[in-house]
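What the coordinates show
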Amino acid sequence: MQRYIGQPNNTFLGYLGWSLAVLMVFLIVCRMVTEVLNGTQLPYTDYWTILDSLVTNDGNLKVTDLVFLVNGHPLVIPKIILWLNLHFFEGSNVSLGLFNIVIVCLQLVLIFLYLKLSAIDRPSRILVLLLSTALLFGMTGTWNFMHSVSGAAWLTTNLLVLAAIYCRARGSNLLALTLAIAATLSYSTGLAVWPAIIVVGLSAREWKASWKEWPWVAIFLFLAAIIAYFSPSTTLIGGFDLTVFADYTARYFGRPFTGNKTLAALLGCFPLIGIPLLSVWFLCFYRRVEDSVWLAIGVFGWCAQISIIMGRYHLLSLVDIDQDRYYSIAAMTWIGFFSLLLLVTKEIKKNRKDRSSQDQASIKTFALGHALYTIIIALLISATWASLTAGRPAVEQLHKELVLQDYRSLMLRMDIVDGTFAMVGLLPGNAFNSTHTVKALGHYPFSRSTMKCPELGKSVQITNSREIVGEIQKHDMQAPELPKVHYLSGTIPAAELPDQRAECIIVTNQAGIVVGVGKRASGPRNPDTFRLVALALPDHRHYTLSIVGPGEYFLRLHNSFEPHEVESGDSVPVR
């Protein structure tokens, strides 16, 4: 019985292969879910400048400001997502990170639909799905999930691009047009959707009818001109060096597989050079519209990466340290690149069937096709493994940031600085209007859960308390913009806590007045250890650090904590 493209492979091995693939996809996704859940609820950096243009002082959405560019980027749809997260989930960085995971899962669904239409052979389809999962959820790309505002822009745009490509390949031009415009309004990288859907259109037409793609080109140029007009101008300081440009572009392409800059640049040369060559082969010789989705993905990633380097050329030496925000673009490019290579080998093997089996050329073609296929499958498997295992240093750096984010959230609750959000990582001069707005909104850390805790300056009566064993580390840090405060971090055996939900962590002075606040520390959690951070105002004779749990019980960590100067890292055992 003849099988047609897209018809399911109803065999035991087919079901087994897809079942194992789904299981691996589930495990890879769960790894990222764990990272997000162990992250901080306090949003990072650029979120605060976006928030300033997103809500009024009373917390209402600034509808007329949705179209305003932020740092040269249109953020219409991400702004709406941020406002909804603020309205329903207290602006939590964690809830938005989980949303980003759902967005990427939807990308995988679309890639699966691509595979159902594709001429890629069935075993290779499973490998492409696994490679796509490993790339899209690679640990190097954790930035866009833990710095969830960044991911809400990049990843949502990518989803809209994939959906637009799919609709164009299926002949739904109006829907493809709508989704492409939405992608363009989501982020500047969305402009690269237009070359992508144009190559899909060219694949479906004879060359003499290619002029029918001109309206799509016109829309692309029109939108690009508008964004360029309203974007801040940039200067190529020191001129333009093509070698530097190619080096950074290739390095960003290779980033999903290694943190070594030289090796990343070497690997990145393959899609950098390969995508244009494969585009010529596809449009001149192959032209199967169902498979044009792979070309479109590759073209999108390639064009988006080129535009990023061009737009940030004068900042390359500065942005190199956080290039992981660009990770998803490189991931898209590799998915398209490997899929196109599989189609090339399939065509080479197909040519052998069109000749006599005794033809010498046919035998050579057969051997070449299978040799290339074996090599590409080996590379595909290696790329999947490399993208799954790479990125540990990047994740460790994010874990280090969690400690500072914990302190920053406590600074907000203590009103140490009002009207300046330098402590959330913004450059000087970029400040949110006032903490009054986030308080009025119930924004984290002024959320419903913390409203139950005793406020700074309140007197508390500690009853039914018991001392527990723990270890407190005291750090004294002086920032130029901030008054001196005492920073404390500590660990407590989880067995000492009757309930690890710990509603509040407070610091009181000798008179029982609340002079500091704390929270459970973010980051990977040990089930046997309760980690906490706290900070307290100075100039008190001693501190009492207490945990307030459900049922109004207090666990007193220390009954006489003297705020004398100690070196960072020194610990004080507590009973």
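Before reading on, note that the structure itself is shown above.
Criteria and thresholds
Residue positions are given per chain, counted from 1 along the sequence in the order it is written. Restriction of local features to residues with pLDDT of at least 70 applies here, the model being predicted, together with a cutoff of 80 or more for giving and counting side-chain atom pairs; totals for whole chains, interfaces and linings are based on all residues. To get the side-chain values, all heavy atoms of the structure are used, and hydrogens and water are removed first. To qualify as a helix, a DSSP run of H or I must reach at least 4 residues; to qualify as a strand, a run of E must reach at least 2; elements of each kind are numbered from the N terminus. The rule is simple: take the accessible area with a 1.4 Å probe, protein chains only, and divide by the maximum for that residue type; under 20% is buried, over 50% is exposed, in between is partly exposed. Any two residues whose heavy atoms approach within 4.5 Å at even a single point are treated as in contact. Shrake-Rupley sampling with a 1.4 Å probe provides the accessible areas, and residues are treated as covered by the protein chains on show and by no other component. Using protein atoms alone on a 1 Å grid, points that fit a 1.4 Å probe yet trap it form a cavity, whereas open point sets bounded by protein on both sides within 12 Å along at least five of seven lines form a pocket; residues with an atom within 4 Å of a point count as lining. Grid points are joined across faces, edges and corners, and a volume is the space filled by probe spheres set on the points. The nonpolar class holds Ala, Val, Leu, Ile, Met, Phe, Trp, Tyr, Cys and Pro. Asp, Glu, Lys and Arg form the charged class, and all remaining residues, Gly among them, are polar. Interaxial angles span 0 to 180 degrees and are taken between N-to-C directions of axes, which are lines fitted to C-alpha atoms, for helices over the stretch in contact. Relative orientations are named as follows: roughly parallel for angles under 35 degrees, roughly antiparallel for angles over 145 degrees, roughly perpendicular for angles from 65 to 115 degrees, and oblique for any other angle. Crossing handedness: left-handed means the near helix sits turned counterclockwise from the far one by under a right angle, and right-handed means the same turn made clockwise. Nonpolar core, defined: a set of buried Ala, Val, Leu, Ile, Met, Phe, Trp, Tyr and Cys residues in which side-chain atoms within 4.5 Å join the residues together. Expected helix span is given by 1.5 Å per residue-to-residue step, counting one fewer step than there are residues. Nitrogen and oxygen atoms within 3.5 Å of one another constitute a polar contact, given that in protein one can donate a hydrogen and the other can accept it, and given that sequence-neighbouring residues count only through two side-chain atoms. By this definition, two strands are paired if DSSP reports at least two bridges between them. Definition used for salt bridges: Asp or Glu carboxyl oxygen within 4 Å of a side-chain nitrogen of Lys or Arg.

**A short note on the overall build of the protein chain**
Check the secondary structure of the protein chain and you find 19 helices and 9 strands. Counting the 575 residues in the protein chain, one finds 55% classified as buried. Once local pairs closer than 6 in sequence are excluded, the contacts in the protein chain between residues at least 24 apart make up 74%. By element, 62% of the accessible surface of the protein chain is carried by carbon and sulfur atoms, the whole surface being about 26000 Å².

**A short note on the environment of Arg408**
Within the secondary structure, Arg408 is located in helix α17 (residues 392–414). Along the chain, Arg408 and Leu42 lie 366 residues apart, while their C-alpha atoms are 8.2 Å from each other.

**Focus on empty space enclosed by the protein**
If a probe the size of a water molecule is rolled over the atoms, the empty space left behind becomes visible. Scanning the model with the defined rule gives 3 cavities of 30 Å³ or more in all. Around the largest cavity sit Val104, Gln107, Leu135, Leu136, Gly138, Gly141, Asn144, Phe145, Leu155, Tyr327 and Ser328, which together line it. Mapped by element, the contributors of at least two residues to the lining of the largest cavity are α4 (93–117), α5 (122–136), α6 (143–146) and α15 (327–353). Considering only residue class, the lining of the largest cavity consists of 6 nonpolar, 5 polar and no charged.

**Considerations on the packing of α4 against α5**
At their nearest, the axes of α4 and α5 sit 10 Å apart, and the two run at 160 degrees to each other. If you check the angle between α4 and α5, you find them roughly antiparallel. Two packed elements cross with a definite hand, and for α4 against α5 that hand is right-handed. Between α4, through Val104, Gln107, Leu108, Ile111, Leu115 and Lys116, and α5, the contact on the second element is made entirely by Arg125, Val128, Leu129, Ser132, Thr133 and Leu136. Here the residues of the contact of α4 with α5 are counted per class, giving 7 nonpolar, 3 polar and 2 charged.

**Notes on the packing of α4 against helix α13 (residues 292–311)**
The N-to-C vectors of α4 and α13 enclose an angle of 140 degrees; their axes lie 9 Å apart at closest approach. By the angle between their axes, α4 is oblique relative to α13. Side by side, α4 and α13 meet where Ile111, Tyr114 and Leu115 of the first sit next to Val293, Trp294 and Ile297 of the second. When the residues that make up the contact of α4 with α13 are grouped by side-chain class, the tally is 6 nonpolar, no polar and no charged.

**What to know about the nonpolar core**
By size, the foremost hydrophobic cluster in this structure holds 130 residues, and its most contacted members are Phe137, Ile165, Trp294 and Leu343. Sequence-distant contacts of Leu343, defined by excluding residues within four places in its chain, comprise Ser118, Ala119, Ile120, Trp281, Phe282, Tyr286, Asp291 and Trp294. Grouped together as the second largest cluster of nonpolar side chains are 13 residues, Leu497, Leu532, Ala534 and Ala536 included.

**Observations concerning helix α7 (residues 148–169)**
Taking 1.5 Å of rise per residue, the 22 residues of α7 would be expected to cover 32 Å, and the 31 Å separating its terminal C-alpha atoms lies within 8% of that figure. For α7, the buried fraction is high: 22 of the 22 residues fall into the buried class. Downstream of α7 by a residue or two, Gly171 has a phi angle that is positive, lying close to 90 degrees.

**Re α4**
Relative to the 36 Å expected for 25 residues at 1.5 Å per residue, α4 spans 37 Å between its end C-alpha atoms, a close match to the ideal helical length. Sitting at the amino-terminal end of α4 is Ser92, which places a side-chain oxygen 3.1 Å from the backbone nitrogen of Val94.

**Considering the pairing of strand β5 (residues 514–520)**
Judged by how many residues are buried, β5 sits mostly within the fold: 7 of 7 residues are covered. Pairing of strand β4 (residues 504–508) with β5 involves 4 bridges; the strand directions are antiparallel. Following the sheet pairing, Val507 is matched in β5 by Gly516. Relative to strand β6 (residues 529–536), β5 is paired through 5 bridges, and the arrangement is antiparallel. If you follow Lys519 over to β6, its bridge partner there is Val533.

**Let's talk about unusual backbone geometry**
A cis amide bond links Tyr444 with the next residue in sequence, Pro445, at an omega value of 10 degrees. Structurally, Pro445 can be placed in the loop between α18 (435–441) and α19 (448–451). One non-glycine residue with positive phi stands out, namely Glu90, at about 60 degrees. Here Glu90 shows up in the loop between α3 (76–89) and α4. With a phi angle near 55 degrees, Arg287 is a residue other than glycine that sits in the positive phi range. The residue Arg287 is located in the loop between α12 (261–286) and α13 in this model.

**Quick word on the pattern of salt bridges**
The final tally for this structure, using the stated rule, is 7 salt bridges. In this structure, Asp324 engages Arg255 in a salt bridge whose closest nitrogen and oxygen atoms are separated by 2.7 Å. Taken together, the residues span a long stretch of sequence, with Asp324 in the loop between α14 (316–319) and α15 and Arg255 in the loop between α11 (242–254) and α12 at a distance of 69 residues. For Asp324, a relative accessible area of 8% translates into the label buried. Relative accessible area serves as the criterion here: at 16%, Arg255 is assigned to the buried category. Put simply, Arg288 and Asp291 hold a salt bridge, and the shortest N to O gap is 3.2 Å.

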